[in-house]
Amino acid sequence: MKYSHLAQSLIPLLCLTMAACGKQDNTTSTATSPGAAATAQAGGEEVVKIGAAAPLTGPQSHLGKDNENGTKMAIDEANAKGITIGGKKIRFELISEDDQADPRMGTVVAQKFVDQQVKGVIGHLNSGTTIPASKIYSDADIVQISPSATNVTYTAQGFKTAFRVMANDAQQGKVLGYYATHQMGGKKIAIIDDRSAYGQGLADEFKKAALNGGAQIVAHEFTTDKATDFMAILTKIKSVQPDVLFYGGMDAQGGPMMKQVRGLGLTAKFLTGDGGSTPEFIKLAAGEAEGAYSSLPGLPLEKMPGGKEFGTKFTAKYGQIQLYAPYCYDAVNVMIAAMQQADSVEPAKYLPKLANITYDGVTTKISFDEKGDLKDGMITLYQVKNGKWEVRETLATK
Amino acid sequence: MDIFLQQLINGLVLGSIYALVALGYTMVYGILELINFAHGEITMIGAMVSLAVINLLIGSSLDLPGVMIVFMGVLTAIPACMALGFVIERVAYRPLRNAPRLAPLITAIGVSIVLQNAAMLIWGRQYISFPPIIPIYRYEILGATISNLQIFIFIFSALLMAGLIMLVHKTRLGRAMRATAQSPQAASLMGVNVNNIIAITFILGSALAAIAGVMVGAYYGLAHYYMGFLLGLKAFCAAVLGGIGNIAGAMLGGLLLGVIESLGAGYIGDLTGGFLGSHYQDVFAFLVLILVLVFRPSGLLGERVVERA
């Protein structure tokens, strides 16, 4: 009897767990009452809502919060400056939502933004959420600038509303593949990716470029964007003795993976993309990060006009920059610049201006090609030295 | 062969942690026939509390050796989790002891969500790294690498489990636990304070969970507020695999599950010709759960159990 009891109680249990999985960290930091009119008049002032979406809970929440802060800083500065568009004083209002890095939540958040009639969206952080959400924004004619989604598909869907201020996977993967084979001396290369739109996309582009560079791909293993145990796949990789190990994924996995790589006595050079290029990566690798390489689109902040100033201001206000905050800052500013040029906050009016804009951001000089991708992006390679990411060199994506 | 050996070592270390957590499920189920779904979260709280203490000690001016600091962390985490286990039983399960079966199960899930969110509020939502203060030495055995930490985790879990078996079979308390498991009514007629025994069971299980939590934290070098969720689910699968309610079964189930996962993730790509990749690692636990429930619902060692505790 006992075991039938067990089975009996298991069925509702499983249903409940599934429900719990989807719901448990559903917190949002919306500052406004939903359903309020988008452009509420407040004493001759026009309120313009800007949506921002990133994972604010879960393994990537430190990055999501960083994005939120970068966006918030740009919006606060614009409000402090007092911008006038279309003869009215504009006050920007940030609506920040948590998409949990989950594609399903991404579309829910997108629909929320559409319902609240935001005039533009900064986000999402992940490619996996950005791509499904982009269709919703396109259907509603809302301009979307992703600070960090790199998957090629995002801008290749033919949506006029989709932009990004970051090099895509094809550009970054190419540079990484070139770097691994030419600068790091990679002959036998192993790849791990997290099977997310970002990780898989970057790994595939890297693979192409590495093969072009004459390297041999000796292993391609997979993990997930929630995993913490990589011992099994690393053991397998150890047996083929690669000289370079590339990881396509975020720092929450990359850091612990780095620790386990060295723990298994694997001596391959470790290389990862922008998702791993954070102080968090070094912290999570717990003393084993030394020598790891990563790449980050754009120029090093200190080399950009205004970059250093941004760094100082941001650090004073929110602490250490994690990763994409400067890109969010640029995304907001380029959006506002387009609104000013068009003298309108309506997406239909400022979109053509945005498409043809040239803007000096803190990460790079921003202008978009016909798809909404960044033109002539630069990629900077970093390496961990004495517990810090140090600039190695900057390469053009061409 | 060296790869197989390495996967086996990885699996046994992982498995001994699963086994420690699975014991908590199985002890409670043995006595109450309740799946204490908050057990995984107790593991998480154990890791978090020890981490907080460890970081505090590192930050302090005391110049203690790394092993000592971790030891202090464990010593704080154990009583904290024991108290937590006691309170959970008192608040969430005891009032529902005679309620329909589903009610305590739902409160268990409720407690689990409450604990997760409390941890998120206290410690934040990001991954917290476990400071690398234990000196790590690596040894080569037949081409496989094993670290002192891995050896320690394996041996220490084995000792804890042996201790638990001794406790259940050789002491008065153990006898009372076994009696309560067989029939709470009869046990109370024989002068066993059933409420106390149940509370002690929760406390013991929570202490093991606290130790497991610190082990996971130290092994992977990180902790976060929902680390207990998947760990708890897998340990539960391990308990069912071994035969839930059976203490030796939980140990066997835990070790087996660890090895199955490790070997599974290592070889699934080759076996399916690349159709299924190693990212399906987490699937094995649940596959095992389904297979066991279909073909051998009583688990590997669960048949005709006379003694449960």
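Residues numbered from 1 in each chain as written. Chains lettered and ligands numbered in written order. Predicted model: local features only at pLDDT ≥ 70, side-chain atom pairs only at ≥ 80, totals over all residues.

S.K.: Which parts of the structure should I look at to understand the overall build of chain A?
M.R.: When its secondary structure is counted, chain A shows 13 helices and 16 strands. Sorting the 398 residues of chain A into buried and exposed places 56% on the buried side. Residue pairs in contact within chain A that sit at least 24 positions apart in sequence constitute 70% of those at least 6 positions apart. (Helix = DSSP H or I, 4+ residues; strand = E, 2+ residues; numbered from the N terminus. Buried ≥ 20, exposed ≤ 12 C-beta atoms within 10 Å, placed from the backbone. Contact = placed C-beta atoms within 7 Å.)

S.K.: Is there a simple way to think about the overall build of chain B in this case?
M.R.: Broken down by element type, chain B carries 11 helices and four strands. Put simply, chain B has 309 residues, and 54% of those count as buried. Counted over contacts in chain B with a minimum sequence separation of 6, partners at least 24 positions apart contribute 78%.

S.K.: Just checking my understanding: could you explain the interface of chain A and chain B for this structure?
M.R.: Interface extent is often summarised as the accessible area lost during association of the parts. Each partner contributes to the interface: chain A provides 39 residues, whereas chain B provides 37 residues. Of all the secondary-structure elements, those providing two or more residues to the side of chain A that touches chain B are helix 1 (2-23), helix 2 (61-81), strand 9 (216-222), helix 8 (231-239), helix 9 (251-263) and helix 10 (279-284) of chain A. Here the side of chain A that touches chain B takes 10 residues from helix 1 of chain A, the largest share from any one element. Class assignment of the residues belonging to the side of chain A that touches chain B gives a composition of 17 nonpolar, 15 polar and seven charged. (Nonpolar A, V, L, I, M, F, W, Y, C, P; charged D, E, K, R; others polar.)

S.K.: Looking at this structure, I do not really get helix 13 (residues 347-355) of chain A. What am I missing?
M.R.: Within an α-helix, residues lying three or four positions from one another point in the same direction, as the helix has 3.6 residues per turn. For helix 13 of chain A, the full list of buried residues reads Pro347(A), Tyr350(A) and Leu354(A). Looking straight down helix 13 of chain A, one finds that the buried residues subtend no more than 80 degrees of arc, so they occupy a single side. (Arc of directions from axis to C-beta.)

S.K.: It is not clear to me how the sheet that holds strand 15 (residues 378-385) of chain A should be interpreted in this structure. Could you clarify?
M.R.: Within a sheet, neighbouring strands are paired by backbone hydrogen bonds and run either parallel or antiparallel to one another. Residues and elements named next belong to chain A. Reading across the sheet, the seven strands line up as 9-8-10-11-12-15-16 and stay open at both edges, with mixed pairing between neighbours. One side of each edge strand has no neighbouring strand; the edge strands of this open sheet are strand 9 and strand 16 (388-396). On average, adjacent strands in this sheet sit at an angle of 25 degrees to one another, irrespective of strand direction. Across eight bridges, the pairing between strand 15 and strand 16 is antiparallel. (Pairing = 2+ DSSP bridges. Axes fitted to C-alpha atoms, helices over the stretch in contact; angles between N-to-C directions.)

S.K.: Looking at this structure, how should I read the packing of helix 1 (residues 2-32) of chain B against helix 9 (residues 227-242) of chain B?
M.R.: Helix-helix packing is characterised by the crossing angle of the two axes and by the distance between the axes. Residue and element names in this part refer to chain B. Where helix 1 contacts helix 9, the two axes come as close as 8 Å, and the packing angle between them is 75 degrees. By the angle between their axes, helix 1 is roughly perpendicular relative to helix 9. Facing Tyr-18, Ala-19, Val-21, Ala-22, Tyr-25 and Thr-26 of helix 1, the residues of helix 9 in contact are Leu-231, Gly-232, Lys-234, Ala-235, Phe-236, Ala-238 and Ala-239. A per-class count over the contact of helix 1 with helix 9 returns 10 nonpolar, two polar and one charged. (Parallel < 35°, antiparallel > 145°, perpendicular 65-115°, else oblique.)

S.K.: Explain the environment of His224(B) here, please?
M.R.: Relative to the elements of secondary structure, His224(B) occurs in the loop between strand 4 (222-223) and helix 9. In sequence terms His224(B) and Met120(B) are 104 residues apart; their C-alpha atoms lie 8.2 Å from each other.

S.K.: What exactly am I supposed to notice about the domain arrangement of chain A here?
M.R.: Residues and elements named next belong to chain A. Looking at chain A, the domain boundaries give domain 1 (41-167 + 304-367) and domain 2 (170-297 + 380-396). Placing a centre on the C-alpha atoms of domain 1 and another on those of domain 2 gives a separation of 29 Å. Contacts between the two partners involve 16 residues from domain 1 and, on the opposite side, 18 residues from domain 2. The residue inventory of the side of domain 1 that touches domain 2, partitioned by class, reads seven nonpolar, nine polar and no charged. (Domains from an automatic or database assignment.)

S.K.: Just to check I follow, could you spell out the pairing of strand 9 of chain A for this structure?
M.R.: Taken residue by residue, a regular strand's side chains alternate between the two faces of the sheet. Across six bridges, strand 8 (residues 188-193) of chain A lies against strand 9 of chain A in parallel orientation. When the bridges of strand 9 of chain A are listed, Ile191(A) appears paired with His220(A).

S.K.: Any chance you could explain the environment of Gly273(A) here in plain terms?
M.R.: All names here are of chain A. For Gly-273, the location among the structural elements is in the loop between strand 11 (269-272) and helix 10. When the C-alpha positions of Gly-273 and Thr-235 are compared, they lie 22 Å apart, and in sequence the two are 38 residues distant. Those residues in contact with Gly-273 that sit more than four places away from it in its chain are Gln-172, Leu-176, Leu-202, Gly-248, Ser-294 and Ser-295.

S.K.: What's the story with the confidence of the model for chain B in this structure? I'm lost.
M.R.: Interpretation of the predicted coordinates at a detailed level should be avoided for regions scoring low in pLDDT. Across chain B, the average pLDDT comes to 90, with 97% of residues at 70 or higher. In the predicted complex, the global pTM is 0.84; the interface-specific ipTM is 0.84. (pLDDT = per-residue confidence, 0-100.)

S.K.: For this particular structure, what's the right way to read the packing of helix 10 (residues 247-271) of chain B against helix 11 (residues 283-295) of chain B?
M.R.: All names here are of chain B. At a closest axis distance of 9 Å, the pairing of helix 10 and helix 11 adopts a crossing angle of 125 degrees. In terms of axis orientation, helix 10 runs oblique to helix 11. Judged by the sense of rotation from one axis to the other, the crossing of helix 10 with helix 11 is right-handed. Along its contact with helix 10, which presents Leu-257, Ile-260, Glu-261 and Gly-264, the element helix 11 presents Phe-284, Ala-285 and Val-288. Residues belonging to the contact of helix 10 with helix 11 are distributed by class as follows: five nonpolar, one polar and one charged. (Left-handed = near helix turned anticlockwise from the far one by under 90°.)

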